[in-house]
Amino acid sequence: LAEADVVLCTEPALACEALHSAGKPLLGYFGVHVGFMLRAADQAPFYRALRDSLAKDPRSTFATCAPYVSFQVQHHADVRLPAIRPLSLYTSPISYVGRRQTDVLVNKRPINFWDLGLLLQDFAAANGQPWRFLDSQELPNRGWDQWAEFAAAVYFPYDWLQTMTFYDLLAMAIPTFVPDSPLYTFALGTNSPRAWPEVLETLVDSGAAELYPHDYRDWRDHSGRIFWWQLTDFSALPEVVRFTSVSELFVGLQGIEELWKISGRLRLAHTRRIASASRFWREALLRALDCPDALLTEA
């Protein structure tokens with residue numbers, strides 16, 4: 001650590017404070033709430049440190065993986081962090097080929113739940129549809145090249161709304177279908193009603209709560225569930241295909257030509273994300289290394 005020029009910190013975000021105290025410039029990237037793994041008594045002190053010290057260091061840069069997480073951070077710590085979506089560049093150079101025109105990839109999270117692939121398969125059989133819905137965790141070969149051969153993918157969100165599998169599918173331009181339902185915001189991971197009780201007193205006193213007409217932690221607020229669902233990338237990214245019923249999903253899967261158009265939109269959006277994220281992290285690294293001339297040259 002003593003020899004490092006720059007330090008990368010992620011989760012738990014509390015580690016960023018310790019690394020910053022060592023005098024190192026930081027690149028912080030958060031995929032979950034910055035209070036993750038913190039006891040209630042430790043949350044407010046860390047939020048103050050993030051706002052008053054870490055985020056004000058001109059050498060350091062902090063970002064989240066999605067606007068949803070950025071809104072949560074601002075709600076608790078009064079810090080605005082840019083959202084730089086994951087690029088999943090480790091999937092490169094694999095990209096959608098769609099050879100298996102009747103096979104659909106289904107994600108399955110490691111929790112006790114219904115076998116969603118099997119349920120979709122039964123619906124398909126009952127309606128004379130040719131689709132085979134295959135669980136991504138049960139494939140004999142789980143390589144990215146195998147995923148890219150599927151006609152499409154169905155992604156079911158779960159307790160942690162920002163997970164890498166979703167962005168992996170987008171990076172490979174696999175036509176991705178997501179159920180459009182605010183029920184997924186009843187999430188004990190991302191939207192826990194109890195895990196992060198602390199909010200800085202300045203936020204409470206300043207009226208900043210007006211920025212948040214709905215508290216993401218209030219599960220009794222049904223309008224709030226819709227509000228926060230619309231802030232997720234599942235709802236916000238226009239190139240993701242949303243469905244509200246199994247029949248609507250089946251209609252969306254029927255046209256191979258349309259699936260290729262969806263793939264093209266995903267590829268274009270991903271290329272744009274690569275361009276903007278590359279510039280963001282390049283500038284962040286130059287600031288950390290104290291290279292203002294390089295920044296000016298680029299501008």
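Note that the structure is predicted; figures quoted are calculated from it, not measured. (Residues numbered from 1 in each chain as written. Predicted model: local features only at pLDDT ≥ 70, side-chain atom pairs only at ≥ 80, totals over all residues. Heavy atoms only, no water.)

1. Focus: the overall build of the protein
Of the regular secondary structure elements, the protein holds 12 helices and 8 strands. Computed over C-alpha atoms, the radius of gyration of the protein comes to 21 Å, within 12% of the 19 Å expected from 2.2 N^0.38 for 299 residues, which places it in the range of a compact globule. Referenced to the eigenvectors of the C-alpha coordinate spread, the extents of the protein come out at roughly 65 × 50 × 30 Å. Taking all contacts inside the protein whose residues are at least 6 apart in sequence as the whole, residues at least 24 apart take part in 71%. Summing over all exposed atoms, the protein offers an accessible surface of approximately 14700 Å²; the carbon and sulfur share of this is 57%. (Helix = DSSP H or I, 4+ residues; strand = E, 2+ residues; numbered from the N terminus. Rg over C-alpha atoms; globule rule 2.2 N^0.38 Å. Contact = heavy atoms within 4.5 Å. Areas by Shrake-Rupley, 256 points an atom, 1.4 Å probe, with all protein chains shown as cover.)

2. Quick notes on the environment of Phe150
Considering the arrangement of structural elements, one finds Phe150 in strand 6 (residues 150-154). Between the C-alpha atom of Phe150 and that of Arg220, which follows or precedes it by 70 residues, the distance is 39 Å. Other than its neighbours up to four places away in sequence, Phe150 contacts Tyr96, Gly98, Arg100, Asp103, Val104, Leu105, Leu134 and Leu139.

3. Looking at the packing of helix 4 (residues 116-126) against helix 10 (residues 246-253)
Packing of helix 4 against helix 10 leaves a shortest axis separation of 11 Å and a crossing angle of 75°. Taken together, the axes of helix 4 and helix 10 are roughly perpendicular relative to one another. Between helix 4 and helix 10, the contacting residues are Leu120, Phe123 and Ala124 on the first element and Val246, Leu249 and Phe250 on the second. (Axes fitted to C-alpha atoms, helices over the stretch in contact; angles between N-to-C directions. Parallel < 35°, antiparallel > 145°, perpendicular 65-115°, else oblique.)

4. Let's talk about helix 11 (residues 256-288)
An ideal rise of 1.5 Å per residue puts 48 Å on 33 residues; helix 11 measures up with 47 Å between its terminal C-alpha atoms. Along helix 11, the positions that sit buried rather than exposed are Leu259, Ile262, Ser263, Leu266, Ala269, His270, Arg273, Ala277, Phe280, Ala284, Leu286 and Ala288. Within two residues after helix 11, Asp290 carries a phi angle of roughly 60°, on the positive side. (Expected span 1.5 Å × (residues − 1). Buried < 20%, exposed > 50% of the residue type's maximum accessible area, 1.4 Å probe, protein only.)

5. Comments concerning the side chain of Thr91
In this fold, Thr91 is placed in the loop between helix 3 (67-77) and strand 4 (100-106). A distance of 2.8 Å separates a polar side-chain atom of Thr91 from the backbone oxygen of Ser88. (Polar contact = N/O pair within 3.5 Å; in protein donor to acceptor, adjacent residues only side chain to side chain.)

6. Re the pattern of salt bridges
Enumeration according to the criterion identifies 12 salt bridges in this entry. Between Arg220 and Asp218 there is a salt bridge, with its nearest N and O atoms 3.4 Å apart. Note on Arg220: relative accessible area 75%, which makes it exposed. On the accessibility criterion, Asp218 (25% relative accessible area) is partly exposed. Across the pair Arg265 and Glu258 runs a salt bridge, and its minimum N-O distance is 3.4 Å. On the accessibility criterion, Arg265 (41% relative accessible area) is partly exposed. Glu258 sits in the partly exposed class, given a relative accessible area of 35%. Within this structure, Arg100, Asp103 and Arg132 form a network of salt bridges that share partners. (Salt bridge = Lys/Arg side-chain N within 4 Å of Asp/Glu carboxyl O.)

7. A short note on the sheet that holds strand 1 (residues 7-9)
With respect to topology, 3 strands assemble into an open sheet ordered 1-2-3, the strand pairing being parallel. In this open sheet, the two edge strands, each paired with only one partner strand, are strand 1 and strand 3 (61-64). Ignoring strand direction, the axes of neighbouring strands in this sheet form an average angle of 15°. (Pairing = 2+ DSSP bridges.)

8. What about the packing of aromatic side chains?
On inspection of all chains with the given rule, the structure shows 18 aromatic pairs. Relative to Trp147, the ring of Trp144 has its centre 5.2 Å away and its plane inclined at 80°; by these criteria the two rings are edge-to-face. In this pair, Trp144 and Trp147 both sit in helix 5 (residues 144-147), 3 residues apart, roughly one turn of the helix. Judged by its relative accessible area of 26%, Trp144 is partly exposed. Judged by relative accessible area, Trp147 falls into the buried class, the value being 8%. On the numbers, 5.6 Å between centres and 25° between planes, the contact of Tyr155 with Phe234 is stacked. Placement of the pair is Tyr155 in the loop between strand 6 and helix 6 (164-171) and Phe234 in helix 9 (residues 233-236), with a sequence separation of 79 residues. Here Tyr155 falls in the buried class, since its relative accessible area comes to 0%. Residue Phe234 is classed as buried on the basis of its relative accessible area, which comes to 1%. A network of ring pairs unites the aromatic residues Tyr155, Phe166, Tyr167, Tyr184, Trp229 and Phe234 as a single cluster. (Phe/Tyr/Trp six-rings, centres within 6.5 Å; stacked < 30°, edge-to-face > 60°.)

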